[in-house]
Amino acid sequence: ALERLQQQCLISIDSIGGCTLTPLGREVLGEVKKGMVSSCKIDLIGMSVAYPSFAIQVSLDISAHSILKLRDIAIRWGAEGAIVFHFSGGRVVVPSITDDLSQTSPSMYYELMSRFRLKDGDYVIATFAHDAPTAEMSALAVFLFLKDIQ
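Summary of the structure given here. (Residues numbered from 1 in each chain as written. Predicted model: local features only at pLDDT ≥ 70, side-chain atom pairs only at ≥ 80, totals over all residues. Heavy atoms only, no water.)

## Re the pattern of salt bridges
Phase 1 of the analysis: Using the criterion set out here, one finds 3 salt bridges in the structure.
Phase 2 of the analysis: A salt bridge links Glu111 to Arg115, with the shortest nitrogen-to-oxygen separation between them at 2.7 Å. Residue Glu111 and its partner Arg115 are both found in helix H5 (residues 106-115); the two are separated by 4 residues, about one turn of the helix.
Phase 3 of the analysis: A residue is classified by how much of its surface remains accessible, and Arg115, at 44% relative accessible area, is partly exposed. (Salt bridge = Lys/Arg side-chain N within 4 Å of Asp/Glu carboxyl O. Helix = DSSP H or I, 4+ residues; strand = E, 2+ residues; numbered from the N terminus. Buried < 20%, exposed > 50% of the residue type's maximum accessible area, 1.4 Å probe, protein only.)

Structure below.
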């Protein structure tokens, strides 16, 4: 993988094996990350999920994608599942579950609002797995799918 990145002029490898991004590598990484507002570990106990969880806030329109497809991608990457939250009209909506999270799960609503600075139209994609690294990796895999990066 490192050789391929080097061949594409995205990284440089020094004589002792250290790697750094090239200017082109920084540019490509910036493009990849566009649309990702923030990310962090999150507690999903308010949604009855006790697994380690990781969430990514995106400012992308994901409405063209099936929530089940996003969940399936997370599972393919080792997650046990995924939950998508949508901030719209001052409310947090969980598609097919609730139109107002603050009413159905105030603790989960507080968790989201304290961890993220949500703007109208933002989504939070949370994945959960048996371990924290898998939860994070699966959330990143869903984000890359949304960016059409395979």
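Next comes the rest of the account.
## Focus: helix H6 (residues 132-146)
Phase 1 of the analysis: Taking 1.5 Å per residue as the helical rise, H6 with its 15 residues ought to reach 21 Å, and the 21 Å between its terminal C-alpha atoms agrees with that figure.
Phase 2 of the analysis: Asp148 sits one or two residues past H6 and shows a positive phi near 60°. (Expected span 1.5 Å × (residues − 1).)

## So, the environment of Thr98
Phase 1 of the analysis: Here Thr98 lies in the loop between strand S6 (91-93) and helix H4 (101-104).
Phase 2 of the analysis: Counting along the chain gives 13 residues from Thr98 to Phe85, while the straight-line C-alpha distance between them is 9.7 Å.
Phase 3 of the analysis: Other than its neighbours up to four places away in sequence, Thr98 contacts Val93 and Thr104.
Phase 4 of the analysis: Side-chain polar atoms of Thr98 contact the backbone nitrogen of Asp100, separated by 3.1 Å. (Contact = heavy atoms within 4.5 Å. Polar contact = N/O pair within 3.5 Å; in protein donor to acceptor, adjacent residues only side chain to side chain.)

## Regarding the packing of aromatic side chains
Phase 1 of the analysis: Enumeration over the complete set of coordinates arrives at 1 aromatic pair.
Phase 2 of the analysis: Here the aromatic rings of Tyr51 and Phe128 are separated by 6.0 Å at their centres, their planes lie at 15°, and the arrangement is stacked. Highlighted residues: Tyr51 in the loop between strand S3 (36-41) and strand S4 (53-58) and Phe128 in strand S7 (residues 123-128), separated in sequence by 77 residues.
Phase 3 of the analysis: You can call Tyr51 partly exposed: its relative accessible area is 34%. (Phe/Tyr/Trp six-rings, centres within 6.5 Å; stacked < 30°, edge-to-face > 60°.)

## A word on the pairing of strand S5 (residues 81-88)
Phase 1 of the analysis: Of all 8 residues in S5, 6 are buried, a share of seventy percent or more.
Phase 2 of the analysis: Sheet analysis places S5 next to S7, joined by 6 bridges and oriented antiparallel. Opposite Val84, over in S7, you have Ile125 as the bridge partner.
Phase 3 of the analysis: Relative to S6, S5 runs antiparallel, the two being bridged by 3 bridges. Bridge pairing in S6 links Ser88 to Arg91. (Pairing = 2+ DSSP bridges.)

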